[in-house]
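Listed here are the chains, written in short residue letters.
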Amino acid sequence: MAKFRIGTRGSPLALTQANMVGQHLVDAEIVAAQDVEIVTIRTTGDRVQDRALAEIGGKALWTKELDRALLAGDIDCAVHSMKDVETFRPDMIAIAATLHRADVRDRLIGADSIESLRQNAVIGTSSPRRAAQLRKIRPDLQIVLFRGNVETRLAKLAAGEVDATLLAAAGLARLGRDDVGTAIPINVMLPAPAQGIIGVECRADDAHSLAMLKAIDDPQTHACADAERAFLAALKADCHSPVAALATLEGGILTLRAELLSQDGAHHLYSQIEGAPLDPLLPRAVAQDLLEHAPPEIRRLFEG
Ligand SMILES: NCc1[nH]cc(CCC(=O)O)c1CC(=O)O
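As recorded in an unreviewed UniProt entry, the protein goes by the name Porphobilinogen deaminase, listed as coming from Sphingomonas xinjiangensis. Comment text from UniProt for the protein, heading Subunit (unreviewed entry), reads "Monomer." Listed in UniProt under the heading Function (unreviewed entry), the comment for the protein reads: "Tetrapolymerization of the monopyrrole PBG into the hydroxymethylbilane pre-uroporphyrinogen in several discrete steps."

**Q** Could you give me a rundown of the overall build of the protein, with the residues and numbers involved?
**A** When its secondary structure is counted, the protein shows 11 helices and 13 strands. Taking 304 residues into account, the globule formula puts the C-alpha radius of gyration at 19 Å, and the protein, at 19 Å, falls close to it. Taken along the three principal axes of its C-alpha coordinates, the protein extends 60 × 45 × 35 Å. Of the contacts made within the protein by residues no fewer than 6 positions apart, 71% connect residues no fewer than 24 positions apart.

**Q** Account for the pairing of strand β13 (residues 268-275), with residues named and values stated.
**A** Both strand β12 (residues 253-261) and β13 contribute to a ladder of eight bridges, which runs antiparallel. Counted as the bridge partner of Ala258 is Ser271 from β13. Linking two consecutive strands that pair antiparallel, namely β12 and β13, is a turn of six residues; a positive phi of about 75° is found at Gly265 within it.

**Q** Please provide a residue-by-residue account of helix α5 (residues 128-137), values included.
**A** Here α5 lies mainly inside the structure; eight of its 10 residues are buried. By the burial criterion, the buried members of α5 are Arg129, Arg130, Ala131, Ala132, Gln133, Leu134, Arg135 and Lys136.

**Q** Account for the domain arrangement of the protein, naming residues and giving values.
**A** When cut into domains, the protein gives domain 1 (4-99 + 197-217), domain 2 (106-183) and domain 3 (233-302). Between the C-alpha centres of domain 1 and domain 2 the distance comes to 27 Å. Taken together, the contact between domain 1 and domain 2 spans seven residues of the former and nine residues of the latter. At four residues, the largest contribution of residues to the side of domain 1 that touches domain 2 is made by helix α1 (residues 12-27).

**Q** So what about the sheet that holds strand β6 (residues 122-124)? Which residues, and what values?
**A** The strand order β7-β6-β8-β5-β9 describes an open sheet built from five strands, whose pairing is mixed. With one partner strand each, in any of the chains shown, β7 (142-144) and β9 (182-183) form the two edges of the open sheet. Where strand β5 (residues 106-109) meets β9, two bridges bridge the pair, whose relative direction is antiparallel. Note that in β9 the partner of Leu108 across the bridge is Thr182. Lying on the sheet, helix α6 (residues 150-158) is in contact with β5, β6 and β8 (164-168); it crosses β8 at an angle near 160°.

**Q** Which residues make up the nonpolar core, and what values do they have?
**A** For soluble globular proteins, the rule of thumb is that nonpolar side chains tend to be buried together. Counting 78 residues, the largest nonpolar core has Cys77, Phe231 and Leu256 as the members making the most contacts within it. Take this core: its biggest share by element is eight residues, from helix α9 (residues 219-235). When sequence neighbours within four positions are dropped, the list of residues in contact with Phe231 reads Pro193, Ala245, Leu256, Ala258, Pro283, Val286 and Ala287.

**Q** So, the packing of α9 against helix α10 (residues 281-293): which residues are in play, and what are the values?
**A** Their axes nearest at 8 Å, the elements α9 and α10 cross at an angle of 45°. Judged on the interaxial angle alone, α10 and α9 are oblique. In the packing of α9 onto α10, the handedness of the crossing is right-handed. When α9 is examined against α10, the residues Ala227, Ala230, Phe231, Ala234 and Leu235 are found in contact with a partner set consisting of Leu282, Pro283, Arg284, Val286 and Ala287. Taken together, the residues of the contact of α9 with α10 break down into nine nonpolar, no polar and one charged.

The rules behind each value
- Residues numbered from 1 in each chain as written.
- Predicted model: local features only at pLDDT ≥ 70, side-chain atom pairs only at ≥ 80, totals over all residues.
- UniProt positions renumbered as here; feature names shortened; annotations may be inferred.
- Helix = DSSP H or I, 4+ residues; strand = E, 2+ residues; numbered from the N terminus.
- Rg over C-alpha atoms; globule rule 2.2 N^0.38 Å.
- Contact = placed C-beta atoms within 7 Å.
- Pairing = 2+ DSSP bridges.
- Buried ≥ 20, exposed ≤ 12 C-beta atoms within 10 Å, placed from the backbone.
- Domains from an automatic or database assignment.
- Axes fitted to C-alpha atoms, helices over the stretch in contact; angles between N-to-C directions.
- Core = buried A, V, L, I, M, F, W, Y, C linked by C-beta atoms within 7 Å.
- Parallel < 35°, antiparallel > 145°, perpendicular 65-115°, else oblique.
- Left-handed = near helix turned anticlockwise from the far one by under 90°.
- Nonpolar A, V, L, I, M, F, W, Y, C, P; charged D, E, K, R; others polar.

If you want it as structure tokens, here you go:
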């Protein structure tokens, strides 16, 4: 049998996630272990550590090279942290599977709680959402740009560059670092859309790979990812807008929670709705409700 080529970025977290996908395929007896091939692809986002460029390029910086490899047939699928995948994807690419969602929360590292941070504490994050959510509660906090992979950020914290940082619980756990920091409840810090979700994409016309990947898809997680991403689409938001969204499923009912904030956290609004998991009206209704009630400071972040 030909090898099943799984494309991924080369960061330790990305490689771990690609290996998880490979292991799921092996466990489901879809692919033999010796037929799994992990193909590492360097993206512009890995090369360029400059914020300005990241802002111009947006999330595509992390996906473009993998998309190209996928469409060229150099890989059979590509593994992504779904929270880093652009809202609007090329027609030729399909989200074939999402693995069972991990802990959706953020973890605060460097202090026991947001309240207990010292006055004017310095927090390292490059997430506009986390910055705004922190400053909503603690306007005194100083936010500094913090990039690099999870290990780099933990090293910068250990070196005393900042008082604290925030990282997704899911990423930490996958790297075996679930011991660091304290989980922040979702009612204090609603996570990024699709946080904690590993997605696998393949060519939309590749029926063979689609069928293989369907075997490792978690439909509940997939429905939540779809709802959160549809909310972003309705909002026309990109990753540089302070926006949070979380869909949860219980007893067949999907609850979609969402929050928009101004960059300084001074303005914020929340909405939540319940309904059928695959109802496309739900994410749109939440987006519409938020935009209708948004003050100008927030509304202008979501125009265009
Ligand atoms: N933007 C980087 C990124 N993309 C996905 C994760 C964590 C894993 C996940 O949310 O699935 C992280 C690191 C972080 O935010 O701490």
